[in-house]
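For reference, the chains in residue letters:
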Amino acid sequence: MHIHQFEKNVSKVILSRGKDYYNKNLIREFKQIAQNAWRAKILDTDEYFVYIELKNDKIVESYCTCPFDGTCKHEVAAYYAIRESLIQSNVEAVDFMAFFNEKTKAELVDVLVEIMEQYPSIQERWIPTKVNVIKNATHLILQAEEKILKSVNRLFKRGFWQADDFEEPIESIFEVMEQAQQLTNEDPLTAFALFEVCFERISDIVDNCPSWLYEQTLEEMHRIFYDSLQTVQSNEQAIVWTKWLLVKFDQNVKVKKEYLFLMEAAITLSPVSNMKYHILEALQHHTKKTGDKKLAYDLEFQLLKTVGAESEIESFYKKVDIHSTLRVQMIHFAIDRKQYANALTLCAEGIEQDASSLHYRNQYLISAFSIHQMMGNLPAQRTVAFELALGGQLDDIDRLKNLYDGEEELLHDILNDLIEILEQQQPLPNHYPILLEKTYQWDRLLKYCQQDIERILRFGHSLQPHYPQEVEILHVQHILALANVASNREHYSHLASIITCLQQLGYQDRAIELKAYLIETYPRKKALHDILNALSIL
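Notes on the structure in this doc start here. Keep in mind the model is a prediction, meaning the values are calculated, not measured.

1. Looking at the packing of aromatic side chains
- One pass over the structure, following the stated rule, counts 21 aromatic pairs.
- For the pair Tyr 360 and Tyr 364, a centre-to-centre distance of 6.3 Å together with 25° between the ring planes defines the contact as stacked. Of this pair, Tyr 360 and Tyr 364 both sit in helix α17 (residues 358–375), separated by 4 residues, roughly a single helical turn.
- For the ring pair Tyr 448 and Phe 459, a centre distance of 6.3 Å and an interplane angle of 80° mean the geometry is edge-to-face. Note that Tyr 448 is positioned in helix α22 (residues 442–451) and Phe 459 in helix α23 (residues 456–463), a separation of 11 residues in sequence. You'll find Tyr 448 and Phe 459 in the same group, each marked buried.
- Of the aromatic side chains, those joined through ring pairs into one cluster are Phe 192, Phe 195, Phe 199, Phe 225, Tyr 226, Trp 241, Trp 244 and Phe 261.

Rendered as structure tokens:
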């Protein structure tokens with residue numbers, strides 16, 4: 001069947017439908033994957049993939065993933081697209097005889113090599129094994145897409161999904177990933193294509209898959225991908241990989257941030273590929289394309305840490321505006337190289353510049369503490385630990401206490417200073433009572449609860465051994481205040497839970513007395529009576 005006369009060999013119904021698909025732009029992907037081979041994705045009730053190969057403009061192979069037996073409308077739509085492409089690319093005839101007569105033998109060899117590399121149909125005549133490899137690889141890629149898409153389509157036909165329903169498409173993706181992993185060194189181009197199929201197809205389920213399952217799957221896919229990179233040891237293969245990674249990064253990163261792993265993978269290969277300057281050029285192009293200097297600086301610093309010279313790293317420090325994530329990288333890098341003074345300067349500048357971000361401020365403080373610890377500087381450790389303890393994390397408070405081991409009187413003064421600083425903040429920070437409890441400041445904690453009697457429910461167990469009478473009074477006051485406004489079962493259940501808490505603290509008689517009092521005081525609240533009478537512990 002000739003590509004320019006295929007209409008003669010296709011039924012009118014199929015021909016009409018295929019042309020309709022072509023005219024309505026239902027071909028969503030159309031790619032020439034070899035000199036005489038094309039792949040297309042057609043949007044129908046499902047997505048179908050078509051593979052077509054020509055020889056001397058004759059269709060020698062045509063395949064579609066749809067269930068139709070024979071030439072289908074999807075193939076016909078692709079025929080129209082291919083023919084249009086061939087017509088547009090047709091050029092005026094050239095007098096090749098005159099052209100070749102003017103060339104030297106060396107020039108003719110160069111021309112022949114280039115033609116052989118670009119035209120699989122000519123290779124088939126002279127090097128049939130090579131063509132078979134290309135053809136097999138193309139089929140392998142097409143089969144991989146079909147396998148994943150079929151499982152995805154079966155999933156979506158169900159209409160309602162649970163986590164277990166995604167097992168089949170995820171398994172099919174991992175099967176293709178394993179195929180790609182096995183081909184990493186033997187046939188990297190095919191491995192690239194298979195990896196690309198997997199990362200493209202995982203996006204088909206992201207909107208419906210539980211987020212935890214999607215993230216877990218993507219993490220495992222990245223692991224397999226990076227494991228494959230670890231097997232690349234020759235400079236030649238590393239160059240091939242890196243070129244592909246940079247192209248795909250440039251194509252995808254503006255749209256999907258999850259494709260950042262492509263650049264990170266290229267950086268991982270940089271010690272083997274020796275393509276540092278190619279990667280830097282790609283990052284500069286990325287910055288111009290997206291305007292995202294922060295991301296480019298993060299990635300450039302990762303590269304310089306891996307293969308950069310000392311002078312390049314120093315130059316990088318001077319040229320960039322250091323943002324938070326980059327600063328964290330720089331601090332850890334300086335610590336690893338035992339450049340403690342530089343790391344402490346970065347920490348101090350970060351604390352000043354990122355004062356509004358508690359997250360990064362704490363990161364800088366923890367790094368500074370670690371540096372002083374490595375340097376054996378105890379006074380500086382205590383200063384930093386005090387700043388961290390102001391944030392109220394229990395680990396930070398324990399760290400501060402441990403620095404004053406055996407100096408109880410001095411520790412007492414330090415903790416008092418810490419608490420007094422917090423008491424100057426209005427409203428009091430949420431960690432203030434936790435700090436009081438952690439440092440055994442029972443008098444202050446009782447006062448804190450007296451300011452809002454509901455707080456006794458949280459701290460009653462800690463205060464009871466030290467202020468048993470006050471704890472009992474606060475519980476009673478809280479119960480009576482709530483009872484006065486309680487109006488539904490939820491309120492009554494809460495009252496019952498507080499009475500139970502009072503009993504558990506050892507105030508058995510008071511709990512029984514309050515139960516009787518509430519039943520007597522609110523005779524019309526039958527639901528309250530039912531809930532209180534159900535308290536079997538009384």
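2. Overview of the packing of helix α14 (residues 310–319) against helix α15 (residues 324–336)
- At a closest axis distance of 13 Å, the pairing of α14 and α15 adopts a crossing angle of 145°. Regarding α14 and α15, the two cross each other, and that crossing is left-handed. Seen from α14, the contacting residues are Ile 313, Phe 316 and Tyr 317; seen from α15, they are Leu 326, Met 330 and Phe 333.
- Here the residues of the contact of α14 with α15 sort into 6 nonpolar, no polar and no charged.

3. Things to note about the sheet that holds strand β1 (residues 27–34)
- Ordered in space as β1-β2-β3-β4, the 4 strands form an open sheet in which the pairing is antiparallel. Taken across any chain shown, the strands that pair with only one partner, and hence form the sheet edges, are β1 and β4 (58–64). Pairs of neighbouring strands in the sheet enclose a mean axial angle of 15°, with direction left out of account.
- In this structure, strand β3 (residues 47–55) lies alongside β4, joined through 6 bridges in antiparallel fashion. Bridging across to β4, Val 50 finds its partner in Cys 64.

4. Observations regarding the state of the cysteines
- Under the criterion given, the structure shown has 0 disulfides.
- There is no disulfide at Cys 198, and the cysteine sulfur nearest it, in Cys 209, is 15 Å away.
- Here Cys 209 falls in the buried class, since its relative accessible area comes to 7%.

5. A short note on the environment of Tyr 63
- Here Tyr 63 lies in strand β4.
- Once the C-alpha coordinates of Tyr 63 and Ala 238 are considered, the two residues, 175 residues apart in sequence, prove to be 34 Å apart.
- For Tyr 63, the residues in contact, after removing those within four places along its chain, are Phe 49, Val 50, Tyr 51, Glu 75, Leu 142 and Glu 146.
- Polar contacts involving the side chain of Tyr 63 include one to the side chain of Glu 146, which spans 2.8 Å.

6. A short note on the nonpolar core
- One finds Phe 316, Leu 400, Leu 418, Leu 463 and Ile 479 to be the most contacted residues of the largest nonpolar core, which totals 73 residues.
- With residues up to four places along the chain from it excluded, the contact list for Leu 418 reads Phe 386, Ala 389, Leu 390, Leu 400 and Leu 435.

7. Here's the deal with the pairing of β1
- As paired elements, β1 and strand β2 (residues 37–43) share 6 bridges and run antiparallel to each other. For Phe 30, the partnering residue across the bridge sits in β2 and is Ala 40.
- Between the end of β1 and the start of β2, which pair antiparallel, lie 2 residues.

8. Remarks on helix α16 (residues 340–353)
- Between its first and last C-alpha atoms α16 spans 20 Å; for 14 residues at 1.5 Å apiece the expected length is 20 Å, and the two agree.
- Turning to α16, its buried residues number three or more, namely Tyr 340, Ala 343, Leu 346, Cys 347 and Gly 350. Within α16, the buried residues cover an arc of 125° as seen down the axis, which keeps them to one side. In this structure, α16 carries Ala 341, Glu 352 and Gln 353 as exposed residues pointing more than 90 degrees from its buried face.
- Its buried side turned inward, α16 meets α15 and α17.

9. Examining helix α19 (residues 394–402)
- Taken residue by residue, α19 has Asp 396, Ile 397, Leu 400 and Lys 401 as its buried positions. Down the axis of α19, the buried side of the element spans an arc of 140°, and every buried residue falls inside it. Facing away from the buried side of α19, by more than 90 degrees, are the exposed residues Asp 395 and Asn 402.
- On its buried face, α19 is in contact with α18 (378–389), α20 (408–423) and α21 (432–438).

10. A closer look at the packing of α16 against α17
- Running from N to C, α16 and α17 cross one another at 155°; their axes reach a closest spacing of 9 Å. Viewed along their axes, α16 and α17 adopt a mutual orientation that is roughly antiparallel. As α16 runs across α17, the sense of the crossing is left-handed. Counting all contacts with α16, which are made through Tyr 340, Ala 343, Leu 344, Cys 347, Gly 350 and Ile 351, the residues of α17 involved are Arg 361, Tyr 364, Leu 365, Ser 367, Ala 368, Ile 371, His 372, Met 374 and Met 375.

11. Examining the side chain of Lys 41
- As for its placement among the helices and strands, Lys 41 is situated in strand β2.
- We classify Lys 41 as buried; its relative accessible area is 9%.
- Lys 41 has contacts with Leu 26, Ile 27, Arg 28, Glu 29, Glu 47, Tyr 48, Phe 49 and Arg 201, leaving out every residue within four places of it along the chain.

Cut-off values and rules
- All residue numbers refer to positions counted from 1 along the written sequence of the respective chain.
- Reporting of local features is limited, given that this is a predicted model, to residues whose pLDDT is at least 70; pairs of side-chain atoms are given and counted only at 80 or more, and all residues count toward the totals for whole chains, interfaces and linings.
- Heavy atoms throughout the structure, all of them, feed into the side-chain values; hydrogens and water do not.
- Side-chain rings of Phe, Tyr and Trp (the six-membered ring for Trp) are treated as a pair once their centres are within 6.5 Å; stacked means planes under 30 degrees apart, edge-to-face means over 60, and tilted covers the remaining angles.
- The numbering of helices and of strands both runs from the N terminus, where a helix is a DSSP run of H or I of at least 4 residues and a strand a run of E of at least 2.
- When a residue's accessible area, from a 1.4 Å probe over protein chains only, is under 20% of the maximum for its type it is buried; when over 50% it is exposed; and in between it is partly exposed.
- To get an axis, fit a line to the C-alpha atoms, keeping to the stretch in contact for a helix; angles then go from 0 to 180 degrees between the N-to-C directions.
- Put simply, a crossing is left-handed when the front helix is turned counterclockwise from the back one by less than a right angle, and right-handed when it is turned clockwise.
- The contact definition used throughout considers only heavy atoms, calling two residues in contact when any of these lie within 4.5 Å.
- Side-chain classes follow a simple rule in which Ala, Val, Leu, Ile, Met, Phe, Trp, Tyr, Cys and Pro form the nonpolar group, Asp, Glu, Lys and Arg form the charged group, and the remainder, Gly included, forms the polar group.
- In this scheme, strands are said to pair when DSSP sees at least two bridges between them.
- For the purposes of this analysis, a disulfide is any pair of cysteine sulfur atoms at a distance within 2.5 Å.
- Distance and chemistry together define a polar contact, namely a pair of N or O atoms within 3.5 Å, with one atom able to donate a hydrogen and the other to accept it when in protein, and with adjacent residues in sequence counting only for side-chain atoms on both sides.
- Buried Ala, Val, Leu, Ile, Met, Phe, Trp, Tyr and Cys residues form a nonpolar core when they are joined through side-chain atoms within 4.5 Å.
- In a helix, the anticipated span is given by 1.5 Å times the number of residues less one.
- Note that the arc is defined by the directions from the helix axis to the C-beta atoms.
- Angles below 35 degrees are treated as roughly parallel, those above 145 as roughly antiparallel, those between 65 and 115 as roughly perpendicular, and all remaining angles as oblique.

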